[in-house]
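Summary of the model geometry
These are the residues of each chain, in order.
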Amino acid sequence: MNLPIFKQLTYLSPSTFMEWRKCQYKNYLRKFSGIDLPKTDSGKSAALGIMFDAFIKDNILRRRSFPQKPSIKLDVVAKNLKCPDKDEVINDAREVAKAYIAAGMLDRILPDRIDQEIYCIKDGVPLLGILDGIINSIPLDWKTRGFYSKYTASPTPGYFYRVDTNKSEETPGSVINLDDRHQDWATQFQFYNWLLGNQYPRYMLHEVCKQKHGIVFTEHQGTLSAEFEKNLWIEVQEMWAKINLTGFEVEVNEPSPRKDICESYGQLCEVASLCKRYQQTLGGSDREKYL
């Protein structure tokens, strides 16, 4: 369907690209429609990830002599956090961060830079991203999973190093490239490597998984394949051409509501109330109240 453009996109970030890939209509409403969308609270799981990130970066700042940006100051992040049971989430994130540091995980990847914003133009496509961390020119990120869920989270296969808080031993895993097992993470890291100008895309990822009897910390590291990079860049160029070379309109696919997209992690999509297809299928006032 062709929809009018009221706001132009001046650069492409990994999050915008992945949102377009999952639901073009949501991406249109957020980026092109000019509609002032209501701000929504974070779910508890996402909020814990935000606060864990803030506690870890606060510890890094104490060890390194980086300039401290307001966006990563611990008190500022905590003040701006909006989620159910905020105090509980902050306390839980603090304890998870303490366990992560006590397990020696931060000592393994103490970054050279944190929250680094980078802009570049690649083959005519403007790219921008904020990298959580950089270590020896390798992009670094943290992921938290399984918190406040009725299901525990198992570590993503292919990790290089592992520590269980409820066990004394450290168990190595069998290394598998990220683009073979987690497309979204691989996409994010490929964008970061483009921004860094790395000829051979690499990644460093620490995953924090809540399990029934403790927390598992795993380290993923490796390279992304040349085929993955080539195919992804073709997709990025096609998207950029589609949204920038069509005058005053953009063609977007009809939304196809699915629980894993519209109700991900028990949170209702922020544009669900504006999506007729969602209301006709999964949605309705009763469901919005339930979620």
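Here, every reference points to the structure presented above.
Residues numbered from 1 in each chain as written. Predicted model: local features only at pLDDT ≥ 70, side-chain atom pairs only at ≥ 80, totals over all residues. Heavy atoms only, no water.

**Digging into helix 1 (residues 14-22)**
Owing to its 3.6 residues per turn, the α-helix brings residues three or four apart onto one side. All of the buried residues in helix 1 are Pro-14, Thr-16, Phe-17, Met-18, Glu-19 and Trp-20. Close packing links the buried residues of helix 1 with helix 2 (24-31), strand 3 (125-135), helix 7 (183-196), helix 8 (226-244) and strand 8 (249-251). (Buried < 20%, exposed > 50% of the residue type's maximum accessible area, 1.4 Å probe, protein only. Helix = DSSP H or I, 4+ residues; strand = E, 2+ residues; numbered from the N terminus. Contact = heavy atoms within 4.5 Å.)

**Observations regarding the pairing of strand 3**
The buried fraction of strand 3 amounts to 10 of the 11 residues, a majority that puts the element mostly inside the structure. The pairing of strand 2 (residues 113-122) with strand 3 spans nine bridges and is classified as antiparallel. Considered in strand 3, the bridge of Gln-116 is made with Leu-131. Counting the residues in the hairpin turn of strand 2 and strand 3 gives two residues, including Asp-123, whose phi is positive at 50 degrees. With three bridges connecting them, strand 3 and strand 4 (residues 138-145) associate as antiparallel partners. Bridged to Ile-134 within strand 4 is Pro-139. (Pairing = 2+ DSSP bridges.)

**Considerations on the sheet that holds strand 6 (residues 202-211)**
An order of 2-3-4-6-7-5 is seen for the six strands of this open sheet, with the pairing classed as mixed. Where the open sheet ends on each side, the last strands, each with one partner, are strand 2 and strand 5 (161-164). Across this sheet, the average inter-strand angle for adjacent strands is 25 degrees, counted without regard to direction. As defined by bridge partners, strand 4 adjoins strand 6 across six bridges and the pair is classed as parallel. Bridge pairing links Trp-142 to His-206 in strand 6. (Axes fitted to C-alpha atoms, helices over the stretch in contact; angles between N-to-C directions.)

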